[in-house]
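# Topology and contacts: notes
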Amino acid sequence: AHPPPTMAARRRSRSPARSRPDDALVVPPVQVPAAVDVPAAASEASEAVLAAFMRFWAVQQALMLMFTQLARSSDQLQACLVGAALVYPSPLISAAALASRVWANTSIAPFVWESHLWCAQTDLTLMLGFVYLTKDRRCRTRATAAAASAPAVTAGA
């Protein structure tokens with residue numbers, strides 16, 4: 001007795017392409033889409049999401065600062081940075097606003113509530129994300145400029 005056929009052999013025997021003659025296997029030409037810079041598109045999408053989040057964060061922080069009535073002298077600087085982040089949520093301005101809030105939450109140590117520590121950790125993480133985003137944007141700008149200024153290489157030259 002013969003051994004049972006393997007799974008690959010079963011698939012080949014059921015394949016509709018095997019039952020057709022070879023000339024029926026004509027592959028249509030493949031349309032290749034225009035090149036898309038996936039990392040740049042992903043970075044732009046993440047910038048848009050972070051900008052929207054930053055606006056929500058700035059509104060919440062502005063309301064909080066308004067209800068504390070700028071109790072400390074440093075609150076005025078924070079209010080200016082938070083307002084700037086609300087109007088123009090660029091990574092650099094957002095990182096500065098977040099840094100001011102991290103400082104505000106940690107400068108009163110050791111007399112801090114647990115919520116101050118959670119806010120400081122969250123703001124510090126977001127601040128580092130904005131710093132990375134700024135660095136990533138600068139690297140992409142330099143790479144694009146270098147590619148544009150590079151001499152063209154042609155085959156056979």
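Relevant structure appears above.
Residues numbered from 1 in each chain as written. Predicted model: local features only at pLDDT ≥ 70, side-chain atom pairs only at ≥ 80, totals over all residues. Heavy atoms only, no water.

## Considering the nonpolar core
Filter applied, for reference: Among buried residues, those of type Ala, Val, Leu, Ile, Met, Phe, Trp, Tyr and Cys that are joined through side-chain atoms within 4.5 Å constitute a nonpolar core. Residue exposure (1.4 Å probe, protein chains only): buried if accessible area is under 20% of the type maximum, exposed if over 50%, otherwise partly exposed. We call two residues contacting when some pair of their heavy atoms lies within 4.5 Å.
Met-54, Trp-57, Val-82, Ala-97, Leu-98 and Phe-130 are the most contacted members of the largest nonpolar core, which totals 13 residues. When residues no more than four places from it in sequence are discounted, the contact partners of Trp-57 are Val-82, Ala-97, Leu-98, Arg-101 and Asp-123.

## Quick look at helix α4 (residues 91–106)
As a reminder, the rule being used: In this text, helices come from DSSP runs of H or I with a minimum length of four residues, and strands from runs of E with a minimum of two, each type numbered from the N-terminal end. One less than the residue count of a helix, multiplied by 1.5 Å, gives the span that helix is expected to have.
Between its first and last C-alpha atoms α4 spans 22 Å; for 16 residues at 1.5 Å apiece the expected length is 22 Å, and the two agree. Residues of α4 that are buried include every one of Pro-91, Ser-94, Ala-95, Ala-97, Leu-98, Ser-100, Arg-101, Val-102, Ala-104 and Asn-105, and no others.

## With respect to the layout of surface pockets
Counted only if it meets this: Using a 1 Å grid laid over the protein atoms alone, points where a 1.4 Å probe fits but cannot get out form a cavity; open sets with protein on both sides within 12 Å along at least 5 of 7 lines form a pocket; any residue with an atom within 4 Å of a point counts as lining. Grid points are joined across faces, edges and corners, and a volume is the space filled by probe spheres set on the points. Under the convention adopted here, Pro, Cys and the residues Ala, Val, Leu, Ile, Met, Phe, Trp and Tyr are nonpolar, Asp, Glu, Lys and Arg are charged, and Gly plus all remaining residues are polar.
Volume-wise, the largest pocket comes out at about 310 Å³. Around the largest pocket, the lining comprises 18 residues; the ones closest to its centre are Met-64, Thr-68, Arg-101, Asn-105 and His-116. Elements that contribute at least two residues to the lining of the largest pocket include exactly α2 (38–67), α3 (74–87), α4 and α5 (114–149). By residue number, the principal contributor to the lining of the largest pocket is α2, which donates 5 residues. Tallied by class, the residues present in the lining of the largest pocket amount to 7 nonpolar, 7 polar and 4 charged.

## Examining a nonpolar patch on the surface
As a reminder of what qualifies: The patches described consist of residues with a relative accessible area above 30% and no salt bridge, like charges being joined within 9 Å and nonpolar side chains (Val, Leu, Ile, Met, Phe, Trp, Tyr) within 5 Å. Computed by Shrake-Rupley with a 1.4 Å probe, the accessible areas treat only the displayed protein chains as cover when residues are assessed. One side-chain nitrogen of Lys or Arg within 4 Å of one carboxyl oxygen of Asp or Glu is enough to make a salt bridge.
Where nonpolar side chains cluster on the molecular surface, the patch consists of Val-59, Leu-63, Met-66, Phe-67, Leu-86, Val-87 and Tyr-88 and spans about 730 Å² of accessible area. Sort the elements by how many residues they give to the nonpolar patch and α2 lands first, with 4 residues. Within the secondary structure layout, Val-87 lies in helix α3.

## A short note on unusual backbone geometry
Here the amide bond leading from Ala-109 into Pro-110 is cis, since omega sits at 5°, within 30 degrees of zero. Note on placement: Pro-110 falls in the loop between α4 and α5.

## Regarding the environment of Glu-47
With respect to the secondary-structure elements, Glu-47 resides in helix α2. Judged by relative accessible area, Glu-47 falls into the buried class, the value being 18%. A C-alpha to C-alpha distance of 8.7 Å links Glu-47 and Ser-90, two positions 43 residues apart in sequence.

## Points about the packing of α3 against α4
To keep things clear, this is the line we draw: For helices, the fitted axis covers only the stretch in contact; all axes are lines through C-alpha atoms, and the angles between them, taken along N-to-C directions, range from 0 to 180 degrees. For classification purposes, angles smaller than 35 degrees are called roughly parallel, those larger than 145 roughly antiparallel, those between 65 and 115 roughly perpendicular, and all remaining angles oblique. Two helices crossing with the near one rotated counterclockwise from the far one by less than a right angle form a left-handed crossing, whereas a clockwise rotation gives a right-handed crossing.
For the pair α3 and α4, the least separation of the axes is 8 Å and the interaxial angle reads 150°. With respect to α4, the element α3 is oriented roughly antiparallel. Considering the relative orientation of α3 and α4, their crossing is left-handed. Taken together, the residues of α4 that come into contact with α3 (itself represented by Ser-74, Gln-78, Leu-81, Val-82, Ala-84 and Ala-85) are Ile-93, Ser-94, Ala-96, Ala-97, Ser-100, Arg-101, Trp-103 and Ala-104. For the contact of α3 with α4, the residue count by class is 9 nonpolar, 4 polar and 1 charged.

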